[in-house]
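Topology and contacts: notes
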Amino acid sequence: MKTKTKKMAGRLIAAALVLSAGLMQTSCWEEQHPGSYYTFSGETVADFLSNRDSVFSDFIYCLKTAEIWGEMQVYGDHTCFAPTNAAMANYLVDKFPTRPGITVKDLTKDECDTIAKTHLCSSTFFCKDLQDGAFPSPNLLDRYLTYNTDSTIDMEGNMKVVYKVNKSSVIVERDDTVVNGVVHIVDKVISPSNDFLPDRIKVDPTATLFYEALILTKMSDSLVAYMDETYPTPSYDSLLICFKTTGKTAKQYKTAYETDNVVWPEKRMYKYTAFIPQDTILKEKYNVENIEGLKALAYSIYGDDGAEDDFTSRKNSLNKFISYHLLPEYLTYDQLTNSLEKIVNQHDQYDYFDVEDFYETMMPHSFMRISMPKVDKGHKYINRKGTQKSGNLIPGIKVLEPETDVTGLNGGYYYLSDILKYDDYTRNTVFNTRMRYMCNTMSPDFINSNARGRDREVVDRVVYSFLPGYCKNFKVSDESEFAVRYVDFTFGTYNGDEMTIRGIYDVSLKLPPVPVDGTYEIRMFMNTMASDANVGSDRGVVQVYFKQGDYATSEGWQPCGIPVDLTLAGNDPKIGNYKDSGDELKSDEDLIQANEKALRNRGYMKAPNSYHQSSGDNLRDIVDCLRKILTTEYMYANLDYAIRLRLVLDNPSAVCPLNFIELVPKSIYAGDTPEDRY
């Protein structure tokens, strides 16, 4: 796979070659892909289509007009969903009913560009390697396509598997391998909407009340941003803007990250997810038939806080009702919580502990919990607690898997089995729990840039770094190397997620909100890897700070005890973590509990036992995997809090890996019932 770093370098080289040869013009019909000047004896994507010109001539026209044809002729990793001429003709009739007789040659360059880029991904995806859900990476329009299999009965009465893209385009011929990727032939043009999310909801006849409230509260105005025009797109000359003081080149960064390739998102995108209770749900369950009824329902949940008639106030009950149904990032259905089969299969306590994620919503100081239970594997629930096997189940609200494409230009939406509430019951009962936030979900920018959740075996070990000042909820010093890694099934981190901080680092991050006022323990997962001197020797010594207030300002930070030495092995006497079944504890429950108590007295806990890495080792059984108790604080539900991680020793190669942060109420960590080990 090519990285953006390689492509940027290639563009400069290619430009120099063109200028030195005096080639000042290139036809847009036969342009070369920047930085690529290779030929092949086998079929490329372009050859595959050209050799079947009578079937694909219309799509070829779009590729050439969009100036992508040259890229299909040369080296790369491409997936091409090739619509036939019949599919193109049907699309034109449906798309432009007021333009009878329209042909592909009547389309504008922008229209051809949209068609071409919708059908191309810059990674190779074979149907045999996919599971139902979103493709692992987006198409060239930065939009996720979905893949699903279905079955039908053919004319002879035999069962036949049907492969679909975006629920409606059938793959009639699949996995045609070419030297620069794969081609799948589809019977229908893939045509995702280019409307912004509010306009997408507007035309849904089942969501009229939700849309009316969205407009009345003006939360619709918050859902129309798409691209940050101030974002300084990295160029090859300015790649080091992120790491000004290290003096390393882009090539050296690959060495610094061992076999990883470092890239920077070329754009900063704003995207959103809406969860919609349909009109029928509101009518049948709450007798709500109009906007006045919805206002009354919202008031019964939240009250008005003095803002009953100002629907744009964030204190208004209807505003709270709508904004709690919104997320500031777009998540495909399978991304709502981790759905990678390899990761799900590594959950050891799936009967008792759901695969889950926590997200801040667009209602100030609120969050939701999204779970995928074993009893309904593949389906997602919001604000579910417990499992059928563990008892005390609060079933939550089911997120209905879409039957059609429900995405717009800057996000998508899902129907719900009921309304969502951030009421007293939810905050005091449902969220009286350990809240484990994966660090890669703690900024919308990690998700909207496609940095989070990338399968290591698909993305070729690419890590995403971010320019200073363009990552919400995180502030990173100029001396810090800051990147989100791919999902690593082999590494000792929960769900294979990791955010890596390197260099002489100083990073501040906004903590998620707490549900109710009270005392909370704040923990951080750590894997020192110190037992392997060749690997863990780069871990640093970090001072942790805590504050109430804005994470991005320098005032108000209070140190949390003495610095944390990440270079210590878990079984070092200063920590004292021992394997439950090892020589020290001998699987004796009394000895294990004594060890847990001793660890807490030193400010540590064992890692969760609900997940194992691909080697088979449960995280709890890896002595270098620990939870560090950073601080215990009284926190208010309506205030902002932050922590800061600052390297103490001057070590330019120091590393601080982040996996998850836990916010744990006193009722859990010091309750009558001991906290579970999940």
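About the criteria used
- Residues numbered from 1 in each chain as written.
- Predicted model: local features only at pLDDT ≥ 70, side-chain atom pairs only at ≥ 80, totals over all residues.
- Heavy atoms only, no water.
- Helix = DSSP H or I, 4+ residues; strand = E, 2+ residues; numbered from the N terminus.
- Contact = heavy atoms within 4.5 Å.
- Areas by Shrake-Rupley, 256 points an atom, 1.4 Å probe, with all protein chains shown as cover.
- Buried < 20%, exposed > 50% of the residue type's maximum accessible area, 1.4 Å probe, protein only.
- Pairing = 2+ DSSP bridges.
- Core = buried A, V, L, I, M, F, W, Y, C linked by side-chain atoms within 4.5 Å.
- Phe/Tyr/Trp six-rings, centres within 6.5 Å; stacked < 30°, edge-to-face > 60°.
- Arc of directions from axis to C-beta.
- Salt bridge = Lys/Arg side-chain N within 4 Å of Asp/Glu carboxyl O.
- Axes fitted to C-alpha atoms, helices over the stretch in contact; angles between N-to-C directions.
- Patch = residues over 30% accessible without salt bridge, like charges linked within 9 Å, V, L, I, M, F, W, Y side chains within 5 Å.
- pLDDT = per-residue confidence, 0-100.
- Lys, Arg positive; Asp, Glu negative; His and termini not counted.
- Polar contact = N/O pair within 3.5 Å; in protein donor to acceptor, adjacent residues only side chain to side chain.

Scanning the protein chain for helices and strands turns up 19 helices and 33 strands. Considering only residue pairs separated by 6 or more positions, the protein chain has 71% of its internal contacts joining residues 24 or more positions apart. For the protein chain, the accessible area works out to roughly 28,600 Å², and carbon and sulfur atoms hold 49% of it.

So, about the pairing of strand 26 (residues 541–548). Of all eight residues that make up strand 26, seven are buried, and the element is covered over most of its length. By the bridge criterion, two bridges tie strand 26 to strand 28 (residues 564–565) in an arrangement that is antiparallel. Opposite Val541, over in strand 28, you have Asp565 as the bridge partner. When strand 26 meets strand 31 (residues 641–647), the two strands line up antiparallel, connected through seven bridges. Residue Gln548 lies in a different strand from strand 31, and its bridge partner there is Tyr641. In the sheet, strand 26 pairs with strand 27 (residues 558–559) via two bridges, with the strands oriented antiparallel. Residue pairing for strand 27: Phe546 is matched across the bridge by Gln558.

Ile201, Phe275, Leu294 and Phe482 are the most contacted members of the largest nonpolar core, which totals 102 residues. Looking at which element gives the most residues to this core, the answer is helix 11 (residues 291–302), with six residues.

Bringing the environment of Leu326 into the picture now. By secondary structure assignment, the location of Leu326 is in strand 10 (residues 326–327). Placed 35 residues apart in sequence, Leu326 and Thr361 show a C-alpha to C-alpha distance of 5.8 Å. If sequence neighbours within four positions are ignored, Leu326 has contacts with Phe210, Leu214, Met219, Leu223, Thr273, Ala274, Thr361 and Met362.

With that settled, consider the packing of aromatic side chains. The tally for this structure, following the rule as stated, stands at 28 aromatic pairs. Ring plane angle 70° and centroid distance 5.4 Å describe the contact between Phe81 and Phe135, whose orientation is recorded as edge-to-face. In this pair, Phe81 is assigned in strand 1 (residues 78–83) and Phe135 in the loop between strand 3 (133–134) and strand 4 (146–153), connecting sequence segments 54 residues apart. Grouping residues by exposure puts Phe81 and Phe135 together as buried. Taking the centre distance of 6.1 Å and the plane angle of 50° together, the rings of Phe358 and Phe367 count as tilted. Across the pair, exposure class does not vary: Phe358 and Phe367 are buried alike.

In this section: helix 5 (residues 85–95). Within helix 5 the residues assigned to the buried category are Asn85, Ala87, Met88, Tyr91 and Leu92. Down the axis of helix 5, the sector holding all buried residues measures 155°, keeping them to one side. Turned more than 90 degrees from where helix 5 packs its buried face, Ala86, Val93 and Asp94 sit exposed. Where the residues of helix 5 are buried, they touch helix 3 (53–65), strand 1, helix 6 (109–118) and strand 7 (181–186).

Our next topic: the side chain of Asn319. Mapped onto the elements, Asn319 comes out in helix 12 (residues 317–323). Leave out the neighbours within four places in its chain, and Asn319 touches Thr217, Met219, Phe311, Thr312, Ser313 and Arg314.

Turning next to the environment of Asp58. Residue placement: Asp58 occurs in helix 3. Distance in space between the C-alpha atoms of Asp58 and Cys112 is 10.0 Å, their sequence separation being 54 residues. Among residues more than four places away in sequence, those in contact with Asp58 are Asn85, Met88 and Val104.

Moving on to the pattern of salt bridges. One pass over the full model with this rule turns up 37 salt bridges. For Glu675, the salt bridge identified is with Arg434, shortest N-O distance 2.9 Å. One end of the pair, Glu675, is in the segment after helix 19 (666–669); the other, Arg434, is in the loop between helix 14 (424–430) and strand 19 (435–438), and 241 residues separate them in sequence. Grouping residues by exposure puts Glu675 and Arg434 together as buried. Salt bridges linked by common partners bring Arg434, Arg436, Glu521, Arg523, Arg600, Arg627, Glu662, Glu675 and Asp676 together as one network.

In spatial order, the strands read 2-1-7-6-5-4-3; together these seven strands make up an open sheet with mixed pairing. Each edge of the open sheet carries a strand with a single partner, namely strand 2 (120–121) and strand 3. When strand 5 (residues 159–165) meets strand 6 (residues 169–178), the two strands line up antiparallel, connected through two bridges. Bridge pairing in strand 6 links Val165 to Ser169. Lying on the sheet, helix 3 is in contact with strand 1, strand 2 and strand 7; it crosses strand 1 at an angle near 130°.

The next point concerns a nonpolar patch on the surface. A contiguous nonpolar patch, built from Tyr634, Tyr636 and Leu639 and spanning about 280 Å² of accessible area, is present on the exposed surface. Judged by relative accessible area, Tyr636 falls into the partly exposed class, the value being 38%.

Two strands in a sheet stick together by hydrogen bonds in their backbones, pointing the same way (parallel) or opposite ways (antiparallel). Overall, mixed pairing links the five strands, which are arranged 8-20-22-23-32 in an open sheet. Each having just a single partner strand, strand 8 (261–263) and strand 32 (655–658) make up the two edges of the open sheet. Each strand axis lies, on average, 30° off the axis of its neighbour in the sheet, ignoring direction.

Right, let's talk about unusual backbone geometry for a bit. Even without being a glycine, Asn166 presents a positive backbone phi close to 50°. Inspection of the secondary structure assignment puts Asn166 in the loop between strand 5 and strand 6. Positioned with a positive phi, Asp175 is a non-glycine residue whose angle comes to about 60°. With respect to the helices and strands, Asp175 occurs in strand 6.

Averaged over all residues, the pLDDT of the protein chain is 87; the fraction at 70 or higher stands at 89%. Low pLDDT, under 50, characterises residues 1–40; the stretch is placed with 72 contacts to residues that sit more than four places away or in other chains. This model gives residues 236–257 a pLDDT under 50, and the stretch forms 52 contacts once residues within four places in sequence are excluded.

It is worth spelling out the pairing of strand 22 (residues 480–484) at this point. Of all five residues that make up strand 22, five are buried, and the element is covered over most of its length. In this sheet, strand 22 lies alongside strand 20 (residues 462–465) in antiparallel orientation, the contact comprising two bridges. Bridging from a neighbouring strand, Ser465 pairs with Ala483 of strand 22. Examined bridge by bridge, strand 22 and strand 23 (residues 499–503) share five bridges and lie antiparallel to one another. Paired with Glu481 across the strands is Arg502, a residue of strand 23.

Quick look at the side chain of Lys547 now. You can see Lys547 is positioned in strand 26. Buried within the structure, Lys547 lacks any salt-bridge partner; its nearest side chain of opposite charge belongs to Glu555, at an N-O separation of 5.4 Å. From its side chain, Lys547 meets the backbone oxygen of Asp550 in a polar contact 2.8 Å long. Within the structure, Lys547 has its side chain in polar contact with the side chain of Thr553 (distance 2.8 Å). Beyond its immediate chain neighbours, meaning those up to four positions away, Lys547 contacts Thr553, Glu555, Gly556, Trp557, Asp640, Tyr641 and Ala642.

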